[in-house]
Amino acid sequence: MKANDLQPQPGWTLARRAERMNPSVIREILKVTERPGIISFAGGLPSPLTFPVEAFRAACEQVLSEDGRGALQYAASEGYGPLREAVAALLPWNVDPAQVLITTGSQQGLDLVAKVLVDHGSRVLVETPTYLGALQAFAPMEPEVTGVASDAEGVDLADLARRRAGARFLYVLSNFQNPTGRTMSEARRQALVQTARELALPLVEDNPYGELWFDAPPPPPLAARYPEGTIYLGSFSKVLSPGLRLGYMVAPPEILPKLLQAKQAADLHSPSFNQRLVAEVLRDGFLERHVPTIRALYKAQRDAMLEALAREMRGLDVQWNAPDGGMFLWARLPAGMDAVQVLPHAVERGVAFVPGSPFYADAADARTLRLSFVTATREQIDAGIAALAATLRDLATR
Ligand code: PMP
């Protein structure tokens, strides 16, 4: 007998909120798709071709020689002053830098919102479908998440009014939504803000993709029209680099101090070195030169996927949309097919996507799926969409 056998085993008891935490379905899928030879439209990663490596090399040099010790020290929880100012200046409405909180990715913004605004059983309204990472961030606070019906223009306001009772907020993605790629129309934005005002309903607007438009910028954000009732989340992940883990939130003055306290408890502050790097990179209007190159690349990628879909899906009852920006396209399989069940067959043929169901707060449309068009090459897009079409033809004749 070993000495250890006499020791009582540690009795871990999970908190109730831990039981609400699930492995991200997407991360599980990505494990399969990382197998060599698989063409993946599943990931949510920006194209690494867009990362401005040289600008960051120069900024590192500059930040370290200017005030290297300051840059490596602990810093203020609100964020680096010049970066807060730069964020306020980037936004298309009048934002006081004091209202800007720098976060560790916009994902942290979602976590802080949940901690500050959601109790056990609180009603939280989301679009149908919505960003899976937000559902994950909200889940540990044990909310009652309710999907509001949505169409190609955004949330259905009649359904919103029906479901509104007692809701803490509506979480909404106005531009090039993850997962559907859709953008809320100008008319719907106006009507939503009017309805939110009438119902005194707070909004949480998540806008990481707004700058990635292809032909024309989307209408101004909801926060620009309803700043007193909106927490706005932005990110540097899609316009500079996701590895920096830097995002920001703009919140009304009565709620910002609570978000700040929640952030202090979470991580004291976001990486101060990275904040100084971004402030340095942003000087002299860098984004105005850089973001158009991302738009041009992603637009060409979207076009390649639309062409491949039109060519390969002929004769199959598959529907898809043509997003005006962002990274994702949303598709719907023929009646009777379930994207979760189709996926392993597609992987067998060498192509992967993300099924739509995990993006629904309640009843899912099992036929839906999300296709990222930004990381595959043109040849991979052609071959991958052909493989997907072959999979569907094969399943349809079984
Ligand atoms: N919101 C949405 C809608 C997203 O798609 C993502 C990234 N997938 C995030 C928030 C989180 O992004 P980050 O934390 O990198 O800013």
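An account of the accompanying structure is given in this report. (Residues numbered from 1 in each chain as written. Predicted model: local features only at pLDDT ≥ 70, side-chain atom pairs only at ≥ 80, totals over all residues. Heavy atoms only, no water.)

### Overview of the layout of surface pockets
Part 1: Here the largest pocket is characterised by a volume of approximately 1000 Å³.
Part 2: What lines the largest pocket is a set of 40 residues, and nearest its centre among them are Arg27, Gly43, Gly44, Leu45 and Tyr131.
Part 3: Elements with a minimum of two residues in the lining of the largest pocket: helix H2 (25–33), strand S1 (39–40), helix H5 (105–117) and helix H6 (132–138).
Part 4: Formed jointly, the lining of the largest pocket draws a minimum of three residues from each of two domains, domain 1 (9–51 + 288–396) and domain 2 (74–286).
Part 5: The volume enclosed by the second largest pocket comes to roughly 580 Å³. (1 Å grid on protein atoms, 1.4 Å probe; cavity = no way out; pocket = protein on both sides within 12 Å on 5 of 7 lines; lining within 4 Å. Points joined across faces, edges and corners; volume = space filled by probe spheres on them. Helix = DSSP H or I, 4+ residues; strand = E, 2+ residues; numbered from the N terminus. Domains from an automatic or database assignment.)

### Let's talk about the sheet that holds strand S2 (residues 100–103)
Part 1: An order of S2-S10-S9-S8-S7-S3-S4 is seen for the seven strands of this open sheet, with the pairing classed as mixed. At either margin of the open sheet sits one strand with a lone partner, and together these are S2 and strand S4 (144–148). On average, each strand axis in the sheet is inclined to that of its neighbour by 20°, with strand direction left out of account.
Part 2: Note: strand S8 (residues 203–206) against strand S9 (residues 230–235), four bridges, orientation parallel. (Pairing = 2+ DSSP bridges. Axes fitted to C-alpha atoms, helices over the stretch in contact; angles between N-to-C directions.)

### A look at the nonpolar core
Part 1: With 79 residues, the main nonpolar core has Phe236 and Leu240 as its most contacted residues.
Part 2: Of the residues forming this core, the biggest block, 10 residues, is contributed by helix H12 (residues 286–312).
Part 3: For this core, the domains that each give at least three residues are domain 1 (9–51 + 288–396) and domain 2 (74–286).
Part 4: Those residues within four positions of leucine 240 in sequence are excluded, and the remaining contacts are Thr50, Phe51, Pro52, Phe56, Val278, Val281, Leu282, Phe286, Leu287 and His290.
Part 5: Residues Leu101, Val204, Ile231 and Leu260 belong to the second largest nonpolar core, which totals 27 residues. (Core = buried A, V, L, I, M, F, W, Y, C linked by side-chain atoms within 4.5 Å. Buried < 20%, exposed > 50% of the residue type's maximum accessible area, 1.4 Å probe, protein only. Contact = heavy atoms within 4.5 Å.)

### A few points about the site of the ligand
Part 1: Close contacts around the ligand come from 13 residues, with Asp206, Tyr209, Ser235, Ser237 and Arg245 the closest.
Part 2: Tyrosine 209 places a side-chain nitrogen or oxygen 2.6 Å from an oxygen atom of the ligand.
Part 3: Take serine 235: an N or O atom from its side chain is 2.6 Å from an oxygen atom of the ligand.
Part 4: Burial of the ligand by the protein amounts to 91% of the accessible area it has alone, namely 400 Å².
Part 5: One can see that the ligand is located within the largest pocket. (Near = heavy atom within 4 Å. Polar contact = N/O pair within 3.5 Å; in protein donor to acceptor, adjacent residues only side chain to side chain. Areas by Shrake-Rupley, 256 points an atom, 1.4 Å probe, with all protein chains shown as cover. Sits in = over half its atoms within 2 Å of the grid points.)

### Quick word on the environment of glutamine 99
Part 1: Here glutamine 99 is to be found in the loop between helix H4 (81–90) and S2.
Part 2: The spacing of glutamine 99 and leucine 256 is 157 residues in sequence and 7.0 Å in space, taken between C-alpha atoms.

### What about the pattern of salt bridges?
Part 1: Counted under the stated rule, the structure contains 21 salt bridges.
Part 2: Aspartate 119 serves as the salt-bridge partner of arginine 168, at 3.2 Å between the closest nitrogen and oxygen. Linking arginine 168 in strand S7 (residues 167–172) with aspartate 119 in the loop between H5 and strand S3 (123–127), this pair joins segments that are 49 residues apart in sequence.
Part 3: Overall, the relative accessible area of 33% leaves arginine 168 in the partly exposed class. (Salt bridge = Lys/Arg side-chain N within 4 Å of Asp/Glu carboxyl O.)

### Looking at the side chain of glutamate 127
Part 1: Relative to the assigned elements, glutamate 127 resides in strand S3.
Part 2: On the basis of relative accessibility, which here comes to 2%, the residue glutamate 127 falls in the buried class.

### What to know about the packing of aromatic side chains
Pairs of aromatic rings are described using the distance from one ring centre to the other and the angle between the two planes.
Part 1: Enumeration according to the criterion identifies seven aromatic pairs in this entry.
Part 2: Taken together, a centroid distance of 6.4 Å and an interplanar angle of 90° make the contact between tryptophan 330 and phenylalanine 359 edge-to-face. Taken together, the residues span a long stretch of sequence, with tryptophan 330 in strand S12 (residues 328–332) and phenylalanine 359 in the loop between strand S14 (354–355) and strand S15 (368–372) at a distance of 29 residues.
Part 3: Three or more aromatic residues joined by ring pairs form one cluster here, namely Phe138, Phe169 and Tyr171.
Part 4: Lying across the ring of phenylalanine 328, arginine 370 places its NZ or CZ 4.0 Å from the centre. (Phe/Tyr/Trp six-rings, centres within 6.5 Å; stacked < 30°, edge-to-face > 60°. Lys NZ or Arg CZ within 6 Å of the ring centre and 35° of its normal.)

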